Structure formats: C-alpha cells, structure tokens
Amino acid sequence: MNSNDIEREEVLYRYFQKELTSEERTDVEAWRDASQENQDELEKARMMYLDLKGLAFYKSVNLHEVDRSWELFKKDKKIKSIHQASTSSLTWLKYAASIVLLVSTAFAIYYYSNSVEEITLASANEVREVTLSDGSLVALNQQASIEYLEPFQNNERRIKLTGEAYFEVTKRQEQPFVVEIGDTEVRVLGTKFFIHQSSTNELSVQVEEGKVLISHNDIHEIAEEGQQFMLNLENETLIETADETGISSFWKNRRLVFQVTSLEDVVAVVNEAYGSSIQLEGSTEGCSLTVTFENEDFENVLEVISSTLNYELVESQGSYILKGTGCE
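Quick caveat: nothing in here was measured; it's all calculated off a predicted structure.

Caption draft 1: Expanded view of the overall build of the protein. For the protein, the count of helices and strands is 8 helices and 19 strands. Buried residues in the protein amount to 38% of all 328 residues. Of the contacts formed within the protein by residues at least 6 apart in sequence, a portion of 44% connects residues at least 24 apart. On the protein, roughly 19,600 Å² of surface is accessible, and the fraction owed to carbon and sulfur atoms is 47%.

Given below as structure tokens:
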C-alpha cells in the first residue's frame, strides 16, 4: 500500500464518518461517479466501515480496550513505537493513523470475540447448583437449563432460563443481573429469589430477599421480600399470590409447612412434593394437621401423618392408602 492508497482509505473512512466538508464530499462523489471500478471500491469501503462499526458496538469495545489490545499486539510482534518523525514523513503518518486505528480496533474485536464463550448448563434428572464467575449461585430444578455469555456483555449479567431455578445474586450496582424467560425479564442488583414455571402459560417469581423488577410487554411490577407474583402469559395478567405450604420452593429447600391444614390438602401437597400416590379411604371429617417437615424422608412424613391422626397406613404396589374414620 503506497501513500496514495493510504490517503484514499483515510478519506473514505472520514466520508462514512461524515467528517468531510461539503467540498470534500463533492470531490469523493465525483470520483465515485467517474468509473464502475471506483463505485465498487467505495462499496467495499462502506461494507468494511459498517462491519467494524457494528462489531465494535456489539462487543462494546471501548478505547481503553483497543489501546490495551494494540499494545499487547505490538509487544508480541516486536513492533517498535515511533517516537520521532521527520517533517517529510508527517503527512504520510497522518494518513496512516486512521489505518492503524482500524487495524487496532479490528484486532481488539477479534481478540475479545474469540475470548467470549457461550455456556449452556442443564440439570437433567437432578437438582444442580452452579456458581457463576461473578459469585452468584444458581440452583436448577430438574430438566431446567440456563444459557449465558462468559464474560457477561454490555454492562449487564444476562441469563436465559428454561424451567425452574433459584438465584442468589451477588450485588453489583453497575452491572444488573437479568433473567430472561421467553418474553419475560426479571431484573435485579443483588437478591435471592425463585422463578417457577408451573405450565407453559404460567410462571411465578418468589422473592426471599431484596427486590426484583418483573417485566413482560407492558407489565412492570416490583416484587419485594416475602412477595410472590403469578404471571399468566395467556391473558397477560400479573397477580400477587401466596405459597403458605412452601410447595413451590420445596425442590430447593425441602421444607413443607402446614398450619391447621385439612388432611385432603396435606395429602395433595405431599403427593406433589414427593411425586407419590397417597390415597384416602374412609372419612376425613374434622382432620387437620399443624406440622413442619424439613429434609424429611417420604416414609417419615407418612408415619407422622398416620400416627398423628390415628390413621392406618397400607402400602400396595408402590401406592399408599390412609384409612380412617375421621377426627373428633
């Protein structure tokens, strides 16, 4: 590349940057219209400019990153910096400066794009806990998965979630943590919360600590500590709900709470929590239970229910029957 080539490259770059005077733009356009070859060259320059600009924005490459990457590149390739220049070379260097900027920017983009990794983590048939690079903890329920870029991009920690998960987010004021579930976003700075998906049309957010912002199309709601919201994706509604028994978070903390709960409801919750099949036989009139189960085996739960209410427990081919005549 000779000095004329460099001068033309510099002028074309400034042309697309809209940094030329009206007279200079007229000269470029006259040159363009002089031949098909010139038109093709201008189009190639335009595509290069758009590619570099688009990649720079996509990868959020700033001047500090460009400078640092360029210095590393020079050191690695043993390129010496020019500290002094003769008067005759100043004009050439001015034109070369724009090319150096383009090269260093392209190198930085290449360097960072090759160091970004797309990560997918799945839980299969068991609960899986992972710690992210920022120190945040994610617990994935069975058949759940997350996808994210490492390192995080664009000044936020964005994760795509499928299924149910629990998050303990490390607080970073300058880098919000965003969980994306389809068209729904849950945005936090630092907190502990669950995201439950009971069906394809419903999901809920339950906050243990701190607060989160739930966003879905035109819906925006802040959920605070102790609150739970259910989002109906079919009719686009968000309502506050309550989980008094703890069934929605049982997969993570293995805890069920019953406060004067009818036997029918107790059995329904236990069946859902443990994936069991408990049947009731006889009367259940007046029967209720007040008890907390925490990290209890299924057999111990059955024993507590049957002995507390004086019900007979019968096992039959993997199913269980509670037989009784009611409670006084």
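Read on, since the account is not over.
Caption draft 2: Up close: the packing of aromatic side chains. What the rule picks out here adds up to 9 aromatic pairs. Centroid distance F298 to Y320: 5.4 Å. Interplanar angle 75°. Geometry classified as edge-to-face. With F298 in helix α8 (residues 298–309) and Y320 in strand β19 (residues 319–325), this pair connects stretches of sequence that are 22 residues apart. The buried category is assigned to F298, whose relative accessible area is 13%.

Caption draft 3: Spotlight on the state of the cysteines. Under the criterion given, the structure shown has 1 disulfide. A disulfide bridge connects C287 with C327, and the sulfur atoms are separated by 2.0 Å. Since a negative S-S torsion denotes a left-handed disulfide, the C287-C327 link at about 95° is right-handed. Here C287 is found in the loop between β16 (278–283) and β17 (288–294), whereas its partner C327 is found in the segment after β19, with 40 residues between them in sequence.

Caption draft 4: Up close: the environment of F298. Along the sequence, F298 and Y274 sit 24 residues apart, while their C-alpha atoms lie 6.9 Å from each other. If sequence neighbours within four positions are ignored, F298 has contacts with V270, Y274, S276, I278 and Y320.

Caption draft 5: Summary view of α8. Here α8 is 12 residues long and its end C-alpha atoms lie 17 Å apart, about the 16 Å a rise of 1.5 Å per residue gives. Against α7 (263–274), β16, β17, β18 (312–316) and β19 lie the buried residues of α8.

Caption draft 6: The sheet that holds strand β7 (residues 177–181), seen in detail. Taken in spatial order, the 7 strands line up as β1-β4-β5-β7-β8-β11-β12 in an open sheet, and their pairing is mixed. Of all the strands in the sheet, just β1 (117–122) and β12 (219–224) have a single pairing partner and so form its edges. Averaged over all neighbouring strand pairs, the angle between strand axes comes to 20°, with direction disregarded.

Caption draft 7: How the structure looks around the sheet that holds β18. On the basis of which strands lie adjacent, the open sheet formed by 3 strands has the order β16-β19-β18 and mixed pairing. Edge positions in the sheet fall to β16 and β18, since each of these pairs with one other strand and no more. In this sheet, neighbouring strand axes are inclined to one another by 20° on average, regardless of whether the strands run parallel or antiparallel. Pairing of β16 with β19 involves 6 bridges; the strand directions are parallel. Each residue of the ladder has a partner; that of S283, found in β19, is T325. Its contacts with the sheet put α7 on β16 and β19, and the angle it makes with β16 is roughly 170°. On the sheet, α8 packs against β16, β18 and β19 and is oriented at approximately 10° with respect to β19.

Caption draft 8: Region of the structure containing the pattern of salt bridges. With the rule as written, the count across this model stands at 12 salt bridges. A salt bridge links R25 to E29; the nearest nitrogen and oxygen atoms lie 3.9 Å apart. Residue R25 and its partner E29 are both found in helix α2 (residues 22–33); the two are separated by 4 residues, about one turn of the helix. According to the relative accessible area criterion, R25 is partly exposed, its value standing at 25%. Of the charged contacts in the structure, one is a salt bridge between D134 and R157, with a shortest N-O distance of 2.5 Å. Placement of the pair is D134 in the loop between β2 (128–131) and β3 (137–140) and R157 in strand β5 (residues 157–162), with a sequence separation of 23 residues. D134 gets classed as buried once you look at its relative accessible area, which sits at 6%. Among the residues examined, R157 registers a relative accessible area of 0% and is labelled buried. Among the charged side chains, a salt-bridge network with shared partners connects E156, R158, E180, E185 and R187.

Caption draft 9: Region of interest: the pairing of strand β14 (residues 237–241). Here 5 bridges tie strand β13 (residues 228–232) to β14, and the two strands are oriented antiparallel to one another. Residue F229 lies in a different strand from β14, and its bridge partner there is E240.

Caption draft 10: The side chain of S276, seen in detail. In this structure, S276 sits in the loop between α7 and β16. For S276, a relative accessible area of 18% puts it in the buried group. What S276 contacts, discounting residues up to four positions off in sequence, is V270, N271 and F298.

Caption draft 11: Summary view of a negative patch on the surface. Taken together, the side chains of E296, D297, E299 and E315 make up a negatively charged region of the molecular surface. As for its placement among the helices and strands, E299 is situated in helix α8.

Thresholds applied
Residues numbered from 1 in each chain as written. Predicted model: local features only at pLDDT ≥ 70, side-chain atom pairs only at ≥ 80, totals over all residues. Heavy atoms only, no water. Helix = DSSP H or I, 4+ residues; strand = E, 2+ residues; numbered from the N terminus. Buried < 20%, exposed > 50% of the residue type's maximum accessible area, 1.4 Å probe, protein only. Contact = heavy atoms within 4.5 Å. Areas by Shrake-Rupley, 256 points an atom, 1.4 Å probe, with all protein chains shown as cover. Phe/Tyr/Trp six-rings, centres within 6.5 Å; stacked < 30°, edge-to-face > 60°. Disulfide = S-S within 2.5 Å. Expected span 1.5 Å × (residues − 1). Pairing = 2+ DSSP bridges. Axes fitted to C-alpha atoms, helices over the stretch in contact; angles between N-to-C directions. Salt bridge = Lys/Arg side-chain N within 4 Å of Asp/Glu carboxyl O. Patch = residues over 30% accessible without salt bridge, like charges linked within 9 Å, V, L, I, M, F, W, Y side chains within 5 Å. Lys, Arg positive; Asp, Glu negative; His and termini not counted. Charge placed at Lys NZ, Arg CZ, Asp CG, Glu CD.

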